[in-house]
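Given next are the chains, with one letter for each unit.
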Amino acid sequence: MVYISEVRNTAPEELDNPTAKKVYATLDKLKIPYECVTNDVVETMEECIEVDKALGVEIRKSIFLCNKKKTSFFLVVMPANKAVNTTELGNKIGVSHLSFAPAEYMEEHLGALPGSASVMGLINDEDDYVQLIIDKEVADEEWFGCNPGINTSHLKMKTADLLNKFLPKIRHKAKVIAL
């Protein structure tokens, strides 16, 4: 059984992760309402099911991909139960030979370790190396669930606030594609 704190609408004080601190500070500065929990480490979508129940939202799957030369990077956000076909996605975005990016690139561009990839990690991508791709199914939902850059905390916010307030503030735009 995964430990999950009570749901709150203020940033967890016990987080010592720099990315999560920046994320919660930015959400507060933009006055974007959210609910969050702290929890035991969860590294798979199956482990997130209890977090989903606590927050009343599905935590979205985030996959960090790159081209063959490792010069273009993509963060793909989709429903937890959906698999990505890298060949089909590559055809849709005009990039051949998409594959999972090595962990060191995820840490460099998103400030995250494997198991913690999140759209919120884009707050660290100040040079705009990472292109954000969000599945249309996710973009069309009222609520969005993710981690703030570390897999010991999760948050829920309105998808419209993510797309129209948070992402523009950190100079990113989502490419919405039906995956």
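Just so you know, these numbers come straight off a predicted model, no measurement behind them.

Asker: Describe the sheet that holds strand β7 (residues 153-158), listing the residues and the values that go with them.
Answerer: In sheet architecture, strand pairing relies on hydrogen bonds along the backbone and comes in two forms, parallel and antiparallel. If you trace the three strands from one edge of the open sheet to the other, you get β1-β7-β6, paired in antiparallel fashion. Whereas interior strands pair on both sides, the edge strands pair on one side only; in this sheet they are β1 (35-38) and β6 (143-146). Strand-to-strand twist across the sheet, computed as the mean angle between neighbouring axes with direction ignored, equals 10°. Docked against the sheet, helix α1 (residues 18-29) engages β1 and β7, running at close to 25° with respect to β7. Each of β6 and β7 touches helix α6 (residues 159-169); the most contacted strand, β7, lies at about 85° to it.

Asker: Give me the nonpolar core: which residues, what numbers.
Answerer: Membership of the largest hydrophobic core comes to 36 residues, with the highest contact counts inside it found for Leu75 and Val119. The dominant element in this core, judged by the number of residues it contributes, is α1, at four residues. Not counting chain neighbours up to four residues away, the residues in contact with Val119 comprise Ser62, Leu75, Val77, Leu132, Phe144, Cys146, Leu162 and Leu167. Core analysis: the next-biggest nonpolar cluster, separate from the first, contains 11 residues, Val76, Met78, Leu98 and Ile177 among them.

Asker: Would you mind going over α1 in detail, with residue names and values included?
Answerer: Its 12 residues place the ends of α1 16 Å apart at the C-alpha level, agreeing with the 16 Å of an ideal helix rising 1.5 Å per residue. Residues of α1 that are buried: Thr19, Ala20, Val23, Tyr24, Thr26 and Leu27. The arc enclosing the buried residues of α1, seen along the axis, measures out at 160°, which places them on a common side. Residues Pro18 and Lys29 are exposed on α1 and point more than 90 degrees away from its buried face. Those residues of α1 that are buried are in contact with β1, α4 (103-110), β7 and α6.

Asker: If you had to explain the pattern of salt bridges to someone new, which residues and values would you point to?
Answerer: Across all of its chains, the model carries eight salt bridges by this definition. Residues Glu58 and Arg60 are paired through a salt bridge, measuring 2.5 Å at the closest nitrogen-oxygen approach. Among the residues examined, Glu58 registers a relative accessible area of 26% and is labelled partly exposed. The buried category is assigned to Arg60, whose relative accessible area is 10%. Two residues, Asp135 and Lys82, come together in a salt bridge whose shortest N-O distance is 2.6 Å. Residue Asp135 is located in strand β5 (residues 130-135), and its partner Lys82 is located in the loop between β3 (73-78) and α3 (86-93); the two are separated by 53 residues in the primary sequence. Look at Asp135 and you get buried, because its relative accessible area is 2%. Taken together, the shared-partner salt bridges connect Lys82, Asp135 and Glu137 into one network.

Calculation criteria
- Residues numbered from 1 in each chain as written.
- Predicted model: local features only at pLDDT ≥ 70, side-chain atom pairs only at ≥ 80, totals over all residues.
- Heavy atoms only, no water.
- Pairing = 2+ DSSP bridges.
- Helix = DSSP H or I, 4+ residues; strand = E, 2+ residues; numbered from the N terminus.
- Axes fitted to C-alpha atoms, helices over the stretch in contact; angles between N-to-C directions.
- Contact = heavy atoms within 4.5 Å.
- Core = buried A, V, L, I, M, F, W, Y, C linked by side-chain atoms within 4.5 Å.
- Buried < 20%, exposed > 50% of the residue type's maximum accessible area, 1.4 Å probe, protein only.
- Expected span 1.5 Å × (residues − 1).
- Arc of directions from axis to C-beta.
- Salt bridge = Lys/Arg side-chain N within 4 Å of Asp/Glu carboxyl O.

All quantities given are derived from atomic positions and should not be read as evidence of function.
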